Amino acid sequence: MATVLFLASCGGGNESGTTTAPADTSTAAAAPATTEAPGADIPGIDSVKVTDHIKLDGSDDMKYDRTIFKIKAGQDVKLSFKNIGKLPKEAMSHNVVILAPGTDIQAFGEAAVAAKPDHIPQAMASDVIAHTKLLGPGESDEITFKVPDAGVYDFICTFPGHFGTMRGKIVAE
């Protein structure tokens, strides 16, 4: 822009003595934005079928057995979760916490460390869509939830130190 102004102030004329206007560099007529389906950039999402019943296990190796699900926004979804591990509850509990889109997972996971009794930080309760109980070995829990809008919803385990590896995504269409 400064170059255009500089040239205009120096005359910018051509041999016939007339001046030429600078080229229009605005982007007012930019191409329309494409609207991709939520989660289209998640590897493997194309092979995941829409479900209304998420079945999930957590293990002593601090992993969920599945990490990608697809659901319908605004519809009830049942989540059945089981801790299939063997280590004592005090050392290796697990839960499933479904977070609102845009939640800072690192900040949430760090706040969950000191949160009692189930490692769900009350100061960040508005970021939680739903969560299971904190489960010891062989325990299970079942909840029903719905997400309000299409989008990608992260889920994590909030037992201290687990959110780094125990995480996944729920894509709502």
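Residues numbered from 1 in each chain as written. Predicted model: local features only at pLDDT ≥ 70, side-chain atom pairs only at ≥ 80, totals over all residues. Heavy atoms only, no water.

Our next topic: the sheet that holds strand β1 (residues 53–58). Pairing is mixed in the open sheet, where three strands are placed in the order β1-β3-β6. For this open sheet the edge positions go to β1 and β6 (140–145), each flanked by a neighbour on one side alone. With direction set aside, neighbouring strand axes in the sheet form an average angle of 15 degrees. Sheet topology places β1 next to strand β3 (residues 77–83); six bridges connect them, and they run parallel. The partner of L56 across the bridge, within β3, is F81. (Pairing = 2+ DSSP bridges. Helix = DSSP H or I, 4+ residues; strand = E, 2+ residues; numbered from the N terminus. Axes fitted to C-alpha atoms, helices over the stretch in contact; angles between N-to-C directions.)

Okay, the pattern of salt bridges next. For the structure shown, the criterion picks out six salt bridges. A salt bridge links K70 to E173; its shortest N-O distance comes to 3.9 Å. Here the residue K70 occupies a position in strand β2 (residues 68–71), and E173 occupies one in the segment after β8 (167–172), the gap between them amounting to 103 residues. Using a relative accessible area of 12% as the deciding quantity, one classes K70 as buried. We classify E173 as partly exposed; its relative accessible area is 38%. The network of salt bridges with shared partners includes K70, K72 and E173. (Salt bridge = Lys/Arg side-chain N within 4 Å of Asp/Glu carboxyl O. Buried < 20%, exposed > 50% of the residue type's maximum accessible area, 1.4 Å probe, protein only.)

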